[in-house]
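These are the residues of each chain, in order.
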Amino acid sequence: QVQLAESGGGLVQFGGSLRLSCAASGSISTISDMGWYRQAPGKQRELVATLTNGGSTNYADSVKGRFTISRDNAKNTVYLQMNSLKPEDTAVYYCHSTTTVRGTLGGYDHWGRGTQVTVSS
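Residues numbered from 1 in each chain as written. Predicted model: local features only at pLDDT ≥ 70, side-chain atom pairs only at ≥ 80, totals over all residues. Heavy atoms only, no water.

> Hey, could you run me through the environment of Ala-74 in this one?
With respect to the secondary-structure elements, Ala-74 resides in the loop between strand 7 (67–72) and strand 8 (77–82). Along the primary structure Ala-74 and Gly-16 are separated by 58 residues, whereas in three dimensions their C-alpha atoms are 29 Å apart. (Helix = DSSP H or I, 4+ residues; strand = E, 2+ residues; numbered from the N terminus.)

> Would you mind going over the nonpolar core with me for this structure?
A general feature of soluble globular proteins is that nonpolar side chains tend to end up buried together. One finds Trp-36, Val-48, Phe-67, Ile-69, Leu-80, Met-82 and Tyr-93 to be the most contacted residues of the largest nonpolar core, which totals 30 residues. Not counting residues up to four positions away in its chain, the partners in contact with Met-82 are Gly-16, Ser-17, Leu-18, Leu-20, Arg-66, Phe-67, Tyr-93 and Val-117. (Core = buried A, V, L, I, M, F, W, Y, C linked by side-chain atoms within 4.5 Å. Buried < 20%, exposed > 50% of the residue type's maximum accessible area, 1.4 Å probe, protein only. Contact = heavy atoms within 4.5 Å.)

> It is not clear to me how the side chain of Arg-71 should be interpreted in this structure. Could you clarify?
Looking at the secondary structure, you find Arg-71 in strand 7. Those residues within four positions of Arg-71 in sequence are excluded, and the remaining contacts are Ile-31, Ser-32, Asp-33, Met-34, Leu-51, Thr-52, Asn-53, Thr-77, Val-78 and Tyr-79.

> Is there a simple way to think about the pairing of strand 5 (residues 46–51) in this case?
Bridge analysis of strand 4 (residues 28–39) against strand 5 gives 5 bridges, and the strand direction is antiparallel. Within strand 5, the residue paired with Gly-35 across the bridge is Thr-50. If you look at the hairpin formed by strand 4 and strand 5, you'll find 6 residues sitting between the two strands, and Gly-42 has a positive phi there, around 80°. Pairing analysis gives 3 bridges linking strand 5 to strand 6 (residues 57–59), with the strands arranged antiparallel. Across the sheet, Ala-49 pairs through a bridge with Tyr-59, a residue of strand 6. Hairpin connection, strand 5 to strand 6: the antiparallel pair is bridged by 5 residues, and Gly-55 has positive phi, about 100°. (Pairing = 2+ DSSP bridges.)

> What exactly am I supposed to notice about the state of the cysteines here?
By definition, a disulfide links two cysteine residues through a covalent bond between their sulfur atoms. All told, the structure shown has 1 disulfide when counted by the stated rule. With a sulfur-sulfur separation of 2.0 Å, Cys-22 is cross-linked through a disulfide to Cys-95. Residues Cys-22 and Cys-95 are joined by a disulfide whose S-S torsion is about -85°; by sign, that bridge is left-handed. Within this pair, whereas Cys-22 is found in strand 3 (residues 18–26), its partner Cys-95 is found in strand 9 (residues 91–101), the two being separated by 73 residues in sequence. Side by side, Cys-22 and Cys-95 carry an identical accessibility label, which is buried. (Disulfide = S-S within 2.5 Å.)

> What should I look at first to understand the environment of Tyr-79 in this one?
Here Tyr-79 lies in strand 8. Among the residues examined, Tyr-79 registers a relative accessible area of 16% and is labelled buried. Along the sequence, Tyr-79 and Ser-21 sit 58 residues apart, while their C-alpha atoms lie 4.5 Å from each other. With sequence-adjacent residues up to four places away left out, Tyr-79 is seen in contact with Arg-19, Leu-20, Ser-21, Trp-36, Thr-68, Ile-69, Ser-70, Arg-71 and Asp-72.

Structural data, given as structure tokens:
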């Protein structure tokens, strides 16, 4: 009933930049949190950045000062601007939202399928 579609991943050199986008669609009543997580090979999925609909942000220490999360509530879209990329940022990046489906109560987790980000040294 709710779909998250990521775009913007790819291959970039050390020090480069990428911008990820994630658009939510479907039977959406409200979206509270939106954010990004990532999972590198052999590692657990970890938080990268989140943004509430009130504008509060939370970043992983490893990306502070380099990544910026933003959101267009009218478009149900969240963005992740990634600058000064490092090889250790290589991972599959997943979009996440806490969404209340139209006609229901309570927000539930929804995930995108992921987009690969590869940073070469």
